[in-house]
Amino acid sequence: MKKELVSRVMKMKRKIGLAFIVVVVFIIAAIVGPFMHYKKVSKSTKESFNVEEFYGDQEGSDRAQLLETNISAWDERIRLFEQAQDRIIMSTFDIRPGESAKDVLAMLLHKAEAGVKVQVLVDGVSGLIRMEGEELFYAVSSHPNVEIKIYNMLNPLQLWKSQGRMHDKYIIVDDLAYILGGRNTFDYFIGDYATNDRSRDREVLVYNTKRGDVEDHTSSLWQVEAYFKKIWDLDVCTYFHNDESLREKEGVQKQILLLEERYEKLRNENPELFETPDYVGRTVPTNQIQLVSNPTGIYGKEPVVFYELSELMKQARSQVTIHTPYAVCNGYMYDTLKEICDQVPEVHMLVNSVENGDNVVASSDYLKFKGKLLDTGIQILEYDGGESYHGKSILIDDNLSVIGSYNLDLRSTYVDTELMLVIDSRPFNAELKEAMDSLEKDCRTVIDVDTYETPDHIQVAEVPFMKKVLWAFLGIVLHPFRVMI
């Protein structure tokens, strides 16, 4: 009898164990299944791509300003918001309660009170984790002149949709100007507020010299706005607490009052940001600006951004410089990088060193596949500047500059929505080159997988033994799911 009972218990344990394995496998398959197949570049994408569209033979309607520091990013947001008369559009991957976010929301609420139409797009992970339950956001979303939409709100009951993310970051004000780049909307990326960590990033402000001309839509601003409308109208974008009755709740009323007081404080403490700006004097001319974007749906994507940027890099006469926080590639991407290196005399890439970066998963993959990157012929520089680097930029010769949200990794290539601006402008290229060169002074040059050329002033951070173990472990365990990195 005792043996029979033990046998039944063992069988039950095996069934429970098997059921657990089945559930885990189902969950993993549901999460990564829609993205595991790497789509190829379509014939239509290849046929529609035209290198000539990215160049101009004379000054165009756009002028550009590089936003290289977190402080300049904060300044130009406040300055640009204050100029709004008709509409403000803002899209962000991540917005979190904090000082810089409160400044942004205070500006948006004030302009909404003044009659400006405000539309905000936020990715679904941030929408659920950062915004739900926060009366700070309800104070803005409940205003009659404000609409906030969430792209693919994270839903635990629809795991097959969970990885479809909107990674775009931009702001448009009227037909005046826009800001586009890689910064998310919280203290880690914007402003100079006290924070445990900070990241370096990069954006560009584009001023439309033809503002107010209803006949002239040559500015790239209209490309960005058309892209916004395409995303905004998707079925997967849903309204976030678009309910005026929320304004009657005591907690929301308190947040409204705090935001109104914050606007007055911003205005009193930073009067220069509330004056009419001389955008011509603050910017440099461009010949052409072209927007490059991935498909906008939530499932696996054709690698449009990677393909088009690669084709532009192949046209380089003398040099290509790539700055990216992470480098995670598949066979197609390695082969393409090798083609670029074979055709262009000088190609080098800056990435975070694993000691300096803030993405442990990307670091584990980089360590595992570093040799394959080196085999393409690309010269790798590892950034050791202390603050993690989040900028995404490319220089092509001395005229083309590329800035946006796209990381050179599988997730940005095949999973997320992404935007990059390609700017044809020698003066802007020179300004961006100076900024990128400055960062490269704080880099180690990779000689081979284990060998570096290290400048005397660089102090490489010590890595705890257990973190090294974690890198090795993740490099093995996450190998089948690299598309999610």
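Keep in mind that this is a model prediction, so the values were computed, not measured.

Participant: What exactly am I supposed to notice about the pattern of salt bridges here?
Facilitator: Between side chains of opposite charge, a pair can form as their charged atoms come close. The full count for this structure, using the stated rule, is 30 salt bridges. As a salt-bridge pair, R130 and D94 come within 3.7 Å of each other at their nearest N and O atoms. Of the two residues, R130 sits in helix α5 (residues 124–131) while D94 sits in the loop between β2 (87–92) and α4 (99–113), which places them 36 residues apart along the sequence. For K370, the salt bridge identified is with E382, shortest N-O distance 3.2 Å. Placement of K370 in helix α12 (residues 360–375) and of E382 in strand β14 (residues 379–383) is noted, with a sequence separation of twelve residues between them. Neither K370 nor E382 differs from the other in exposure class; each is buried. Connected through shared salt-bridge partners, E355, K370, E382, D384 and R444 make up one network.

Participant: I keep staring at the environment of R63 and nothing clicks. Help me out?
Facilitator: Here R63 shows up in strand β1 (residues 62–67). We classify R63 as buried; its relative accessible area is 16%. Through-space distance from the C-alpha of R63 to that of L205 is 8.3 Å; in sequence the pair is 142 residues apart. Excluding its chain neighbours within four sequence positions, the residues that come into contact with R63 are L205, V206, Y207, T209, V280, T283, V284, P285 and T286. A polar contact of 3.1 Å, which involves the side chain of R63, links it to the backbone oxygen of V280.

Scoring rules and cut-offs
- Residues numbered from 1 in each chain as written.
- Predicted model: local features only at pLDDT ≥ 70, side-chain atom pairs only at ≥ 80, totals over all residues.
- Heavy atoms only, no water.
- Salt bridge = Lys/Arg side-chain N within 4 Å of Asp/Glu carboxyl O.
- Helix = DSSP H or I, 4+ residues; strand = E, 2+ residues; numbered from the N terminus.
- Buried < 20%, exposed > 50% of the residue type's maximum accessible area, 1.4 Å probe, protein only.
- Contact = heavy atoms within 4.5 Å.
- Polar contact = N/O pair within 3.5 Å; in protein donor to acceptor, adjacent residues only side chain to side chain.

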